[in-house]
Amino acid sequence: MAAIVVMIAFWVWALFFASKEAVNKIGDTAWSARAEGICVDVHLQLTTLDAQASDDLTVRADLVDESTDLLSQMLDDLVAVTPGDAKGQGIVPDWIAEYRILLQDRYNYADRLRAGENVPFTETAVSGVPITERLEKFALDNEMPTCAPPRGSVV
């Protein structure tokens with residue numbers, strides 16, 4: 001009986017009193033809008049590169065490197081302006097750092113392709129979660145969907 005009361009109390013709290021704000025949401029919406037503007041341009045370039053997909057491992061490696069270079073420049077452009085709110089100043093650097101881990105994973109993958117290894121892409125997990133999921137969650141929570149890392153393509 002006590003367990004049922006505790007469960008009911010939990011669900012009442014979760015449904016009516018718990019914060020509904022996303023954990024990753026920063027307060028500086030101007031920073032997020034600026035970021036999305038930068039990422040839209042990169043997303044278009046990545047789409048163009050993806051259209052050049054090839055079964056040739058060297059070509060694939062070159063495309064992965066080229067797209068990763070674009071993503072690296074995107075991150076450099078994003079960090080050129082610091083978010084104006086304390087939460088953004090605290091968590092955006094973590095997001096950028098995790099994104100750079102993904103970029104290194106991509107460069108490592110290109111090296112394997114270039115070495116003749118036709119293997120699937122593998123990525124680092126952080127706290128048991130694939131890094132792309134963490135990066136995508138932050139991007140979506142801050143209304144910057146094109147800043148999420150590319151998935152399911154050559155690039």
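Residues numbered from 1 in each chain as written. Predicted model: local features only at pLDDT ≥ 70, side-chain atom pairs only at ≥ 80, totals over all residues. Heavy atoms only, no water.

1. A closer look at unusual backbone geometry
Counted only if it meets this: In this description a helix means any DSSP run of H or I spanning at least four residues, a strand means any run of E spanning at least two, and both kinds are numbered starting from the N terminus. Think of it in three bands: residues with accessible area under 20% of the maximum for their type are buried, residues over 50% are exposed, and the middle band is partly exposed, with areas taken using a 1.4 Å probe on protein chains only.
The phi dihedral of S127 falls on the positive side, at around 55°, and the residue is not glycine. Topologically, S127 is positioned in the loop between strand 1 (125-126) and strand 2 (129-130). Positive phi, close to 55°, is recorded for E143, a residue that is not glycine. Within the secondary structure layout, E143 lies in the segment after helix 5 (131-141). According to the relative accessible area criterion, E143 is exposed, its value standing at 60%.

2. Let's talk about the pattern of salt bridges
This is how it is decided: For this document, the term salt bridge refers to a Lys or Arg side-chain nitrogen within 4 Å of an Asp or Glu carboxyl oxygen.
Following the criterion strictly, the structure yields nine salt bridges and no others. Here D62 makes a salt bridge to R114, at a shortest N to O gap of 2.9 Å. Placement of D62 in helix 3 (residues 57-79) and of R114 in helix 4 (residues 86-114) is noted, with a sequence separation of 52 residues between them. Take D62: its relative accessible area is 40%, and that puts it in the partly exposed class. Among the residues examined, R114 registers a relative accessible area of 35% and is labelled partly exposed. In this structure, R114 and D111 form a salt bridge, with 3.9 Å as the shortest nitrogen-oxygen distance. In this pair, R114 and D111 both sit in helix 4, three residues apart, roughly one turn of the helix. A residue is classified by how much of its surface remains accessible, and D111, at 46% relative accessible area, is partly exposed.

3. Describing the side chain of D28
For the record, the criterion: His residues and chain termini do not enter the charge count, which takes Lys and Arg as positive and Asp and Glu as negative. For this analysis, a polar contact is any N or O atom pair within 3.5 Å, provided that within protein one partner can donate a hydrogen and the other can accept it, and provided that sequence-adjacent residues contribute only side-chain to side-chain pairs.
In this structure, D28 sits in the loop between helix 1 (2-16) and helix 2 (29-50). Buried D28, no salt bridge; nearest opposite-charge side chain is R34, N-O distance 9.1 Å. At 2.5 Å, the side chain of D28 and the backbone nitrogen of G84 are in polar contact.

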